[in-house]
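Chains, contacts and geometry: an overview
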Amino acid sequence: MKEKLTEHIRLLFADAERRSPDNPRLTELKEELLLNTLEKYEHLISMGKTPEAAYTTSVNGIGDIEALLNDVIGETDTRKAAEPATRSAATAGANPEAEGAGEDENGDDDDDDDDDDDDDADNGDAKRPPRSPWYKLASGIIWTVTLGSYFAISFATHAWAVTWLVFLMGIAADNVAEGIFDLRR
């Protein structure tokens, strides 16, 4: 099962390593996550869990690390980078003239999703003005630190039932940052 855990971590980092080869921070993060996951696995085995149950719990404890990987390699939003490939794959074999359907003259779609900066004011909440770029930056930093802290504290203490409270602190910090940037307007 240790080999299976190692392979799982390798697969989690494969795309990020392809996008940013020879990144020492990425290598360090991968090694730390692997070490912590293997330690958690060993801890669960020592507590009497079956190898399969320990593996499943260890893998589920990792969660979604895409934002953390993007932060380490210096990318902010994979949806924008992956969007052209996704659209071309989705429209392969479809009507070629329909590929630009749903987009305005700037190439932006009019849907109320979170991938367009120009959609911020049209997110269904007419009372809220668009977010400032500085708030978006601060919020990104807050959530990256929150996620990193969660993993570090969780793997260090193995107190998984309690460490989720770190996310409540992240919410509070994000709300404080939002208030500060709203006051500066």
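Conventions we followed
All residue numbers here refer to positions counted from 1 along the written sequence of the relevant chain. Local features in a predicted model are, by the rule used here, given only for residues with pLDDT of at least 70; side-chain atom pairs are given and counted only at 80 or more, and totals for whole chains, interfaces and linings are based on all residues. With hydrogens and water set aside, each side-chain value is computed from the structure's full complement of heavy atoms. A run of DSSP states H or I qualifies as a helix once it reaches four residues; a run of E qualifies as a strand once it reaches two. Both are numbered from the N-terminal end. Partly exposed describes any residue whose relative accessible area lies between the buried limit of under 20% and the exposed limit of over 50%, with all areas from a 1.4 Å probe on protein chains only and scaled to the type maximum. What makes two residues a contact is simply this: any of their non-hydrogen atoms within 4.5 Å. Accessible surface area values rest on a Shrake-Rupley calculation with a 1.4 Å probe, where residue burial reflects the displayed protein chains alone. In what follows, salt bridge is the name for a side-chain nitrogen of Lys or Arg lying within 4 Å of a carboxyl oxygen of Asp or Glu. Without a salt bridge and with relative accessible area above 30%, a residue can belong to a patch; like charges are then joined within 9 Å and nonpolar side chains (Val, Leu, Ile, Met, Phe, Trp, Tyr) within 5 Å. Each nonpolar core is a collection of buried residues, namely Ala, Val, Leu, Ile, Met, Phe, Trp, Tyr and Cys, held together in the definition by side-chain atoms within 4.5 Å. Inter-axis angles, ranging from 0 to 180 degrees, are taken between N-to-C directions of lines fitted to C-alpha atoms, where helices are fitted over the stretch in contact. Small angles under 35 degrees read as roughly parallel and large ones over 145 as roughly antiparallel, with 65 to 115 read as roughly perpendicular and the rest as oblique. The crossing is said to be left-handed when, going from far helix to near helix, the turn is anticlockwise and less than a right angle, and right-handed when the turn is clockwise.

1. Looking at the overall build of the protein chain
When you go through the protein chain residue by residue, the secondary structure sums to 8 helices and 0 strands. What you see in the protein chain, going N to C, is helices and strands ordered as α-α-α-α-α-α-α-α. The buried share of the protein chain, taken over its 185 residues, is 27%. Once local pairs closer than 6 in sequence are excluded, the contacts in the protein chain between residues at least 24 apart make up 60%. Carbon and sulfur atoms make up 58% of the accessible area of the protein chain, which totals about 11900 Å².

2. Looking at the pattern of salt bridges
Counting across every chain of the model gives 6 salt bridges. Between D15 and R18 there is a salt bridge whose closest N-O contact spans 2.5 Å. Here R18 and D15 lie together in helix 1 (residues 2–19), a separation of 3 residues that amounts to about one turn. By relative accessible area, which is 34% here, D15 ends up partly exposed. When its relative accessible area of 58% is taken as the criterion, R18 is described as exposed.

3. Observations regarding a nonpolar patch on the surface
On the surface, W143, V162, W164, L165, L168 and I171 cluster together to form a nonpolar patch covering roughly 540 Å² of accessible area. Take the nonpolar patch: its biggest share by element is 3 residues, from helix 8 (residues 165–183). By secondary structure assignment, the location of L165 is in helix 8.

4. Digging into the nonpolar core
Most often, soluble globular proteins keep nonpolar side chains buried together rather than apart. Formed by 17 residues in total, the largest nonpolar core has its most connected members in F13, L26, L29, L33, I65, L69 and F151. Elements represented by at least two residues in this core include exactly helix 1, helix 2 (24–46), helix 4 (66–73) and helix 6 (133–157). L33 has contacts with I9, F13, I62, I65 and F155, leaving out every residue within four places of it along the chain. If you look at the next biggest cluster of nonpolar residues, it comprises 6 residues, including L5, Y41, L44 and A54.

5. Focus on helix 4
What helix 4 keeps buried is the set L68, L69, N70, V72 and I73. Backbone geometry just downstream of helix 4 places G74 in the positive-phi region, at approximately 90 degrees.

6. Focus: unusual backbone geometry
Positive phi, normally seen in glycine, also occurs at D22, with a value near 60 degrees. The exposure class assigned to D22 is exposed, which follows from its relative accessible area of 79%. In this model, H158 sits at a positive phi of 55 degrees, which is unusual for a non-glycine residue. Overall, H158 belongs to the partly exposed group, its relative accessible area being 24%.

7. Quick look at the packing of helix 1 against helix 3 (residues 51–62)
The relative placement of two packed helices is expressed as an angle between their axes plus a distance between the axes. Close contact between helix 1 and helix 3 brings their axes to 11 Å; oriented N to C, the two are set at 20 degrees. Our classification of the angle between helix 1 and helix 3 gives roughly parallel. Judged by the twist between their axes, the crossing of helix 1 over helix 3 is right-handed. Seen from helix 1, the contacting residues are K4, L5, H8, I9 and L12; seen from helix 3, they are Y55, S58, V59 and I62.

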